[in-house]
Amino acid sequence: MNEKNDLTTGSVGKNLLQFALPYLLSCFMQTFYGMADLFVVGLYNGSETTTAVSIGSQVMHMLTVIIVGFAMGTTVKIGRSVGAKDKREAAKSVGCSIVFFALFAAVVTVLLLCLTSPITQVMLTPAEAVEETRLYLRICFAGIPFITAYNVISSIFRGAGDSRRPMYFVGVACVVNIVLDFVLIGGCGMGAAGAALGTICGQAVSVVFAFLMMRGRDFGFRVTRQDIRLEREMLSQILKVGTPVACQDGLIQVAFIVITVIANSRGLIASAAVGIVEKLIGFMFLVPSAFLSAISAITAQNMGAGRPERARASLRYGLIITLCWGMLCALYNQFLPHTLVGLFTKDEAVLAAGCEYIRSYAFDAVFAAVHFCFSGYFCGDQKSIVSFVHNITAILLVRIPGAYLASVFFPDSLYPMGWAAPLGSLLSALICIGFYLINLKTNDGLDAGNVV
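Every value quoted in this text rests on a predicted model; they were computed, and no experiment measured them.

Student: Would you mind showing me how to read the overall build of the chain here?
Tutor: Within the chain one finds 18 helices and zero strands. Taken against the 2.2 N^0.38 rule, which gives 22 Å for 452 residues, the C-alpha radius of gyration of the chain at 21 Å falls within 12% of a compact globule. Seen along its three principal axes, the alpha-carbon backbone of the chain occupies a region of about 55 × 45 × 35 Å. Expressed as a percentage of contacts within the chain between residues at least 6 apart in sequence, the contacts between residues at least 24 apart total 84%. Surface exposure of the chain reaches about 17,600 Å², of which carbon and sulfur atoms provide 68%.

So this is what it looks like as structure tokens:
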């Protein structure tokens, strides 16, 4: 194994930052070019196209996080094999992942292309934005193989302890996407279709670049043709971690979509405002998302190497950093929300509604910081079912019913509806803390006093 990607030695805090920062930049660029779509569309088009892109991109984001969730199984499996110095097991993990995700992408692409119209209807898309939303989704669905390939290759690199190269992949996609946004949306007047084409072309170029870089990369283990096959036991281990993560992330996005549907039912202004704020919240979640991935990779390698105290130390450092970021986000949006929402709309009504919504929603960055870090730890320790449980509990008990009740009792304001997400995250955080403390007491191999 390449020693500079070995997360089982050296300073835990340094390893965490060195892994998290490239991943953070990757997430920033990925979110940035998603926000760039809305920004460029807002420059050249009206609320109808903005709504189409915000709704369509939310559907695509849900699909992407599900793919990333499944790929987390690959990251953890490779990480534990690398930590245990088992090169053959790591190679077999890569080969099995390649075959599984190729089949997955083929099936999902065909299925979603057939379901484009029903999905548009389920989203309660405003009538003015239906046609553009449908076109946006069809183009993006056709690009699912590129989205899948990019995320699987990135998961392989991260499992081997390398978060830097995936950052380059996203950088390539980001540049291509933004250039094509201005060409296709601004120059050619293609609206939502131009935004979708720009995104997919960027992903396609990124995948080619990733394959070329993967061929020249020394992971410390060699993948042969014999490794590239489905093996029941290996696939079972990958899916044991990946399936709960994919389900939890998918359900979180379903909750977001339900909230969007509630907003869509309130008209074009509320729909556009919620779509814009969801993009901004995605930006705020970059830091906890980056540390989730970093903590997961560090935990996987150190659990594989029999060093659980280092995994717990990474959790503590991650919590400190992400909580500081979350409090900063919440505070900023109490006083200057218009500086963010105003970047994506010229409509005064949409701006006012968006500022209301983000003032309450921004507190989610504080509570989500806690359960994101714990989720990374649980996934790396192959206990991703815990993450699934706390998320589904929060969704069913707080997020969805909270948003619905707020829309019923406060139909003229988005501010109360914005509290549904942070209250749901608070419940998730409490469940995570409780399980972690119980696990420390019942597991003989753990010693809470060693967390430094």
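Student: Sorry, what's going on with the packing of helix H3 (residues 87–114) against helix H6 (residues 144–159) here?
Tutor: Each pair of packed helices can be described by the angle between their axes along with the distance between the axes. Interaxial distance between H3 and H6 falls to 9 Å at its minimum, and their mutual angle equals 155 degrees. By the criterion of interaxial angle, the relationship of H3 to H6 is roughly antiparallel. Here H3 and H6 pass one another in a crossing that is right-handed. In contact with Val-94, Phe-101, Ala-105, Val-108, Thr-109 and Leu-112 of H3, H6 contributes Ile-144, Pro-145, Thr-148, Val-152 and Ile-156.

Student: Hey, could you run me through the confidence of the model for the chain in this one?
Tutor: As a note on interpretation, predicted positions should not be read in detail where pLDDT is low. On average, residues of the chain carry a pLDDT of 84, and 95% of them reach 70 or more. Note that pLDDT drops below 50 for residues 444–452; the model gives that stretch 16 contacts with residues more than four away or on any other chain.

Student: Just checking my understanding: could you explain the state of the cysteines for this structure?
Tutor: Joining two cysteines, a disulfide is a covalent bond between their sulfur atoms. Using the criterion set out here, one finds zero disulfides in the structure. Here Cys-329 stays unpaired: no disulfide links it, and the sulfur of Cys-324, its closest cysteine neighbor, is 11 Å away.

Student: So what exactly am I meant to see when it comes to the packing of H3 against helix H9 (residues 232–264) here?
Tutor: Running from N to C, H3 and H9 point in directions that differ by 80 degrees, and their axes come no closer than 10 Å. Here H9 runs roughly perpendicular to H3, going by the angle between their axes. Counting all contacts with H3, which are made through Glu-89, Lys-92, Ser-93, Cys-96, Ser-97 and Phe-100, the residues of H9 involved are Met-234, Leu-235, Gln-237, Ile-238 and Leu-239. Taken together, the residues that form the contact of H3 with H9 break down as six nonpolar, three polar and two charged.

Student: What is the right way to look at the side chain of Ser-360 in this model?
Tutor: As for its position among the elements, Ser-360 is in helix H14 (residues 348–361). Ignoring anything within four residues of it in the chain, the contact list for Ser-360 reads Leu-414, Tyr-415, Gly-418, Trp-419 and Pro-422.

Student: Honestly, the side chain of Glu-89 in this entry has me stumped. Any pointers?
Tutor: Tracing the backbone shows Glu-89 in helix H3. For Glu-89, a relative accessible area of 18% puts it in the buried group.

Student: Can you walk me through unusual backbone geometry in this structure?
Tutor: For residues besides glycine, phi is generally negative; the peptide bonds are generally trans as well. Although it is not a glycine, Gln-382 adopts a positive phi angle of roughly 60 degrees. Mapped onto the fold, Gln-382 is located in the loop between helix H15 (364–380) and helix H16 (384–409).

Student: Honestly, H15 in this entry has me stumped. Any pointers?
Tutor: It helps to recall that an α-helix has 3.6 residues per turn; residues three or four apart then point in one direction. Look at H15: 24 Å from first C-alpha to last across 17 residues, which is about the 24 Å you get at 1.5 Å a residue. Along H15, 16 of the 17 residues are buried, which leaves the element largely enclosed by surrounding structure. Note on H15: the residue one or two positions beyond its end, Gln-382, has a positive phi of about 60 degrees.

Student: Any chance you could explain the pattern of salt bridges here in plain terms?
Tutor: Side-chain pairing between opposite charges can occur once the charged atoms of the two side chains come close. This model, assessed by the stated rule, comprises five salt bridges. Between Lys-92 and Glu-231 there is a salt bridge; the shortest N-O distance is 3.6 Å. Note that Lys-92 is positioned in helix H3 and Glu-231 in the loop between helix H8 (191–215) and H9, a separation of 139 residues in sequence. A salt bridge links Glu-131 to Arg-134; the shortest N-O distance between them is 2.8 Å. Here Glu-131 pairs with Arg-134, and both are found in helix H5 (residues 130–142), just three residues apart, close to one helical turn. On the basis of relative accessibility, which here comes to 54%, the residue Glu-131 falls in the exposed class.

Student: Would you mind going over the nonpolar core with me for this structure?
Tutor: Generally speaking, a soluble globular protein has its nonpolar side chains buried in company with each other. Formed by 105 residues in total, the largest nonpolar core has its most connected members in Tyr-136, Phe-141, Tyr-357 and Met-417. One finds Phe-19, Phe-291, Cys-373 and Phe-374 within the second-largest nonpolar core, a separate group that totals 24 residues.

Student: Would you mind showing me how to read the layout of surface pockets here?
Tutor: The gaps of empty space that remain are located by a probe, the size of a water molecule, rolled over the atoms. Its boundaries defined by the atoms lining it, the largest pocket holds a volume of some 360 Å³. In terms of lining residues, the largest pocket is bounded by 19 residues, among which Met-35, Leu-280, Phe-283, Leu-340 and Leu-343 are the most central. Every element with two or more residues in the lining of the largest pocket is listed here: helix H1 (12–44), helix H7 (164–187), helix H10 (268–284) and helix H12 (308–335). Examining the composition of the lining of the largest pocket, we find that six residues originate from one element, H1, more than from any other. The residue makeup of the lining of the largest pocket, split by class, is 18 nonpolar, one polar and no charged.

Student: What's the story with a nonpolar patch on the surface in this structure? I'm lost.
Tutor: A contiguous nonpolar patch, built from Leu-17, Leu-21, Tyr-317, Ile-320 and Ile-321 and spanning about 400 Å² of accessible area, is present on the exposed surface. For the nonpolar patch, the secondary-structure elements that each account for two or more residues are H1 and H12. Its place among the elements puts Ile-320 in helix H12. Using a relative accessible area of 47% as the deciding quantity, one classes Ile-320 as partly exposed.

Student: So what exactly am I meant to see when it comes to the packing of aromatic side chains here?
Tutor: For any pair of aromatic rings, the description consists of the separation of the ring centres together with the inter-plane angle of the planes. For the structure shown, the criterion picks out 16 aromatic pairs. Between the aromatic rings of Phe-100 and Phe-104, the centroid separation amounts to 6.2 Å while the plane-to-plane angle is 35 degrees, which identifies the pairing as tilted. Placement of both Phe-100 and Phe-104 in helix H3 is noted, with a separation of four residues, approximately one turn of the helix. Residues Phe-100 and Phe-104 agree in their burial class; the two are buried. Aromatic rings pair up to connect Phe-374, Tyr-377, Phe-378, Phe-435 and Tyr-436 into one cluster.

Definitions and cut-offs
Residues numbered from 1 in each chain as written. Predicted model: local features only at pLDDT ≥ 70, side-chain atom pairs only at ≥ 80, totals over all residues. Heavy atoms only, no water. Helix = DSSP H or I, 4+ residues; strand = E, 2+ residues; numbered from the N terminus. Rg over C-alpha atoms; globule rule 2.2 N^0.38 Å. Contact = heavy atoms within 4.5 Å. Areas by Shrake-Rupley, 256 points an atom, 1.4 Å probe, with all protein chains shown as cover. Axes fitted to C-alpha atoms, helices over the stretch in contact; angles between N-to-C directions. Parallel < 35°, antiparallel > 145°, perpendicular 65-115°, else oblique. Left-handed = near helix turned anticlockwise from the far one by under 90°. pLDDT = per-residue confidence, 0-100. Disulfide = S-S within 2.5 Å. Nonpolar A, V, L, I, M, F, W, Y, C, P; charged D, E, K, R; others polar. Buried < 20%, exposed > 50% of the residue type's maximum accessible area, 1.4 Å probe, protein only. Expected span 1.5 Å × (residues − 1). Salt bridge = Lys/Arg side-chain N within 4 Å of Asp/Glu carboxyl O. Core = buried A, V, L, I, M, F, W, Y, C linked by side-chain atoms within 4.5 Å. 1 Å grid on protein atoms, 1.4 Å probe; cavity = no way out; pocket = protein on both sides within 12 Å on 5 of 7 lines; lining within 4 Å. Points joined across faces, edges and corners; volume = space filled by probe spheres on them. Patch = residues over 30% accessible without salt bridge, like charges linked within 9 Å, V, L, I, M, F, W, Y side chains within 5 Å. Phe/Tyr/Trp six-rings, centres within 6.5 Å; stacked < 30°, edge-to-face > 60°.

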